[in-house]
Amino acid sequence: MQKIYFDHAATTAMNPQVVEAMVPYFTENFGNPSSIYEIARKNKQALDESRDKIAKLLGADPKEIYFTSGGTESDNWAIKGIADAYRNKGNHIITSAIEHHAVLHTCEYLESKGYEVTYLPVNEFGQVDPQDVLKAIKDNTILISIMYANNEIGTIQPIEEIGKIAREKGIVFHTDAVQAVGHIPIDVKKANVDLLSLSGHKFHGPKGVGVLYIRKGIKIKPLLHGGAQERGRRGGTENVPGIVGLAKALELAVENMEENNKKMIELRDYIIKGISSKIDHVKLNGHPTDRLPNNINFTFDFIEGESLLLLLDMKGIYASSGSACTSGSLDPSHVLLAIGLPHERAHGSLRITLGDENTKEEADYLLEVLPPIVQRLRDMSPLYEAYKKEQNLN
Amino acid sequence: MYSEKVMDHFMNPRNVGEIENPSGVGTVGNPKCGDIMKIYLDIEDNIIKDVKFKTFGCGAAVATSSMATELVKGKTIEEAMKITNKAVMEALDGLPPVKVHCSVLAEEALQAALWDYAQKNGIEIEGLTPPKEDHDHHHDIPEDNE
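This is a predicted model, so every value here is computed, not measured.

Reading the values: the criteria
Residues numbered from 1 in each chain as written. Chains lettered and ligands numbered in written order. Predicted model: local features only at pLDDT ≥ 70, side-chain atom pairs only at ≥ 80, totals over all residues. Heavy atoms only, no water. Helix = DSSP H or I, 4+ residues; strand = E, 2+ residues; numbered from the N terminus. UniProt positions renumbered as here; feature names shortened; annotations may be inferred. Contact = heavy atoms within 4.5 Å. Salt bridge = Lys/Arg side-chain N within 4 Å of Asp/Glu carboxyl O. Polar contact = N/O pair within 3.5 Å; in protein donor to acceptor, adjacent residues only side chain to side chain. Nonpolar A, V, L, I, M, F, W, Y, C, P; charged D, E, K, R; others polar. Buried < 20%, exposed > 50% of the residue type's maximum accessible area, 1.4 Å probe, protein only. Phe/Tyr/Trp six-rings, centres within 6.5 Å; stacked < 30°, edge-to-face > 60°. Lys NZ or Arg CZ within 6 Å of the ring centre and 35° of its normal. Pairing = 2+ DSSP bridges. Axes fitted to C-alpha atoms, helices over the stretch in contact; angles between N-to-C directions. Expected span 1.5 Å × (residues − 1).

## A closer look at unusual backbone geometry
All names here are of chain A.
- Look at His204: it is not a glycine, yet its phi comes out positive at around 70°.
- As for its placement among the helices and strands, His204 is situated in the loop between strand E7 (195–199) and strand E8 (210–214).
- Even without being glycine, His281 reaches a positive phi, approximately 55°.
- Relative to the helices and strands, His281 resides in the loop between helix H8 (257–278) and strand E9 (282–284).

Below you can see the structure in the form of structure tokens.
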């Protein structure tokens, strides 16, 4: 049976060119970049080159690039570090209801420490209204954190506009761009952001390595105290192979972005059209146009997401769901609830996230196996039974 | 995550469907929690002659419904009353802790169907309590099942 990977928002396979670039830093060039001898200097050089490369690709200065262990650390550092550094100015943070848990749970933690957090609502497509950001700003607001693109429904936020508001009001603006970097063009200056989080494994790089962009002049307290690494702002021996891999992966992603996106948008829209025409009682979640090139998110009425995923898995298709049961928690996706879906519909979602290696043949296979799976689950569903009885009565 | 038996009952659920004019029918759960189970019973001379179910829910919800119907088929009402969520779980070779509530729901769906049968026939079944109206079953998991 063929295996089809449709879960690229969760993680991606490493590009062989990335692996090749990393290997020497696991083996012969294994020195600690903080040491002074040759193999250490080679590591330091690789670190500097990677930093330069990433800075250039994001429109930043190399001194504004800080390496972390991934998106979660970057988000934690940005939010806690700014909250701590600007505590004398105020204690109010603005974020949105559909952020990743790395942001939401960090904000909840800060609330327990006496900070005040405003969770902005989103519209039915999952977009934050910049005017809502403006209205939420208070004298004691110290940070605005709005994600670049949503991990579940793929909606892209009006980041430039929100950044402009933040800049005019003199408030620090952070964006969690973990799902966006490597997938859509991003320039930190154009986006008006002060801090930006990204993670290597979302664009065919290694897991366990990320970046926090911190604009020059922004005060931030360290999250990890230790040695003088990362200009004293983030202790810990740098993950040189990971950093080299991240830089290479980002370089390749940006280099091939236009071509890959053209192909993925075509495939994405083909699948969206196919599902919409082959299955009834479905809803496409997320923005129809302001969405990531690789994101498809549907709600299938009367069924539950985990069952759908298990049956797709049996057909060799790996996808994801905002379903409660898939996450270890029992509540449905906070994102789907925030865009206004009732609980029972929020339980029945399917997320398909494409990669550049996915093909039309794979899409056709999905479109062939999905309708009978949905029907099978509906035939077993008391909600569908009740719906049909109601239809017959009418 | 799931045992082979859970996967088997999820992939090949036994007794899916409806019974026309059932002796008793019980529905538990709510869409908010993502699980609804409906069990139909056909009872003759105190024996559960036939049983069917419909379930909206995850793999464990389907599997526990299927197993619960298998366990009660052909049993007397008294025997059916002894089928607890633990028995359903054991028969499935266990469930992940976060899915234990599905087995609780299966037990409750069965008891709700028996309650309906008792109400329709004006009989009393020892140990049977009325179904909870709208219970948040996710938070109703006995601690010893954790």
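What follows continues from the structure just given.
## Re the UniProt feature "domain: NIF system FeS cluster assembly NifU N-terminal" (unreviewed entry) in chain B
- Under the UniProt annotation, the feature "domain: NIF system FeS cluster assembly NifU N-terminal" (unreviewed entry) is placed at residues 1–121 of chain B.
- With 46% helix and 22% strand, residues 1–121 of chain B has its two end C-alpha atoms placed 42 Å apart.

## Observations regarding the interface of chain A and chain B
- Across the boundary between the two partners, chain A contributes 23 residues, which contact 29 residues of chain B.
- At the junction of chain A with chain B, the criterion picks out four salt bridges.
- At the boundary of chain A and chain B, one finds eleven residue pairs in polar contact (both at pLDDT 80 or more).
- Ranked by residues supplied to the side of chain A that touches chain B, first place goes to helix H9 (residues 305–314) of chain A with five residues.
- Residue classes in the side of chain A that touches chain B are distributed as eleven nonpolar, five polar and seven charged.

## Here's the deal with the UniProt feature "binding site: pyridoxal 5'-phosphate" (unreviewed entry) in chain A
Residue and element names in this part refer to chain A.
- Mapped onto this numbering, the UniProt entry annotates "binding site: pyridoxal 5'-phosphate" (unreviewed entry) at Gly71, Thr72, Asn151, Gln179, Ser199, Gly200, His201 and Thr237. Sequence-wise these annotated residues cover 167 residues; spatially they are dispersed, their C-alpha atoms as much as 29.8 Å apart.
- Here Gly71 is to be found in helix H3 (residues 71–85).
- Take Asn151: it is sitting in the loop between strand E5 (141–145) and helix H6 (159–169).
- Judged by relative accessible area, which is 14%, Asn151 ranks as buried.
- Not counting chain neighbours up to four residues away, the residues in contact with Asn151 comprise Ala9, His100, Gln179, Asn295 and Arg351.

## With respect to the packing of aromatic side chains
All names here are of chain A.
- The final tally for this structure, using the stated rule, is five aromatic pairs over all chains.
- The interplanar angle of 90° and the centroid separation of 5.8 Å between the aromatic rings of Tyr66 and Trp77 together place this pair among those described as edge-to-face. A residue pair is termed long-range when its members are at least 10 positions apart, and Tyr66 in strand E2 (residues 65–68) and Trp77 in helix H3 qualify at eleven residues.
- Between Tyr384 and Tyr387, the ring centres sit 6.3 Å apart and the planes meet at 15°, which makes this aromatic pair stacked. You can see Tyr384 and its partner Tyr387 sitting in helix H13 (residues 382–393), three residues apart, about one turn around the helix.
- Residue Tyr384 is classed as buried on the basis of its relative accessible area of 11%.
- For Tyr387, a relative accessible area of 24% corresponds to the partly exposed category.
- An aromatic cluster of at least three residues, connected via ring pairs, comprises Phe302, Tyr384 and Tyr387.
- One Lys or Arg, Lys80, reaches over the ring of Tyr109 and ends 4.9 Å from the middle of that ring.

## Focus on the sheet that holds strand E3 (residues 92–96) of chain A
Residue and element names in this part refer to chain A.
- On the basis of which strands lie adjacent, the open sheet formed by seven strands has the order E2-E8-E7-E6-E5-E3-E4 and mixed pairing. Looking at the sheet topology across the chains shown, the edges are occupied by E2 and strand E4 (116–120). Going across the sheet, the axis of each strand differs from the next one's by a mean of 20°, ignoring polarity.
- Together, E2, E7 and E8 form the strand contacts of helix H2 (residues 38–58), whose direction differs from that of E2 by roughly 115°.
- Contacts between helix H4 (residues 101–112) and the sheet are confined to E3, E4, E5 and strand E6 (172–176), with E4 contributing the most and set at about 150° to the helix.

## Points about the environment of Val193(A)
Residues and elements named next belong to chain A.
- Examined against the element boundaries, Val193 turns out to sit in the loop between E6 and E7.
- For Val193, a relative accessible area of 0% puts it in the buried group.
- Distance from Val193 to Ala166, taken between C-alpha atoms, is 8.7 Å for residues 27 residues apart in sequence.

## Some details on the sheet that holds E9(A)
All names here are of chain A.
- The strand order E9-E10-E12 describes an open sheet built from three strands, whose pairing is antiparallel. The two strands at the open ends of the sheet, each matched to only one other strand, are E9 and strand E12 (349–353). Along the sheet, successive strands turn relative to each other by an average axial angle of 20°, direction set aside.
- Inspection of the sheet shows E9 paired to strand E10 (residues 295–300) by three bridges, in the antiparallel sense. Its bridge partner lying in E10, Leu284 is registered against Phe298.
- Its contacts with the sheet put H8 on E9, E10 and E12, and the angle it makes with E10 is roughly 10°.
- Against the sheet, helix H12 (residues 360–379) makes contact with E9, E10 and E12, and its axis sits at roughly 25° relative to E10, the strand it touches most.

## Details of the side chain of Gln179(A)
- Inspection of the secondary structure assignment puts Gln179(A) in the loop between E6 and E7.
- One polar contact links the side chain of Gln179(A) to the main-chain carbonyl oxygen of Ala9(A), over a distance of 3.0 Å.

## Regarding H3(A)
- In a regular helix each residue adds 1.5 Å, so 15 residues correspond to 21 Å; H3(A) covers 21 Å between its end C-alpha atoms and thus fits that length.
- Along H3(A), the residues classified as buried are Gly71(A), Glu73(A), Ser74(A), Asp75(A), Asn76(A), Trp77(A), Ala78(A), Ile79(A), Gly81(A), Ile82(A), Ala83(A) and Ala85(A).

## Remarks on H4(A)
Residue and element names in this part refer to chain A.
- The end-to-end C-alpha separation of H4 is 16 Å, in line with the 16 Å expected for twelve residues at 1.5 Å each.
- What H4 keeps buried is the set Ala102, Val103, Leu104, Thr106, Cys107 and Leu110.
- Next to the buried residues of H4 lie H3, E3, E4, E5, E6 and helix H10 (334–338).
- Just beyond H4, the residue with positive phi is Gly114, at close to 100°.

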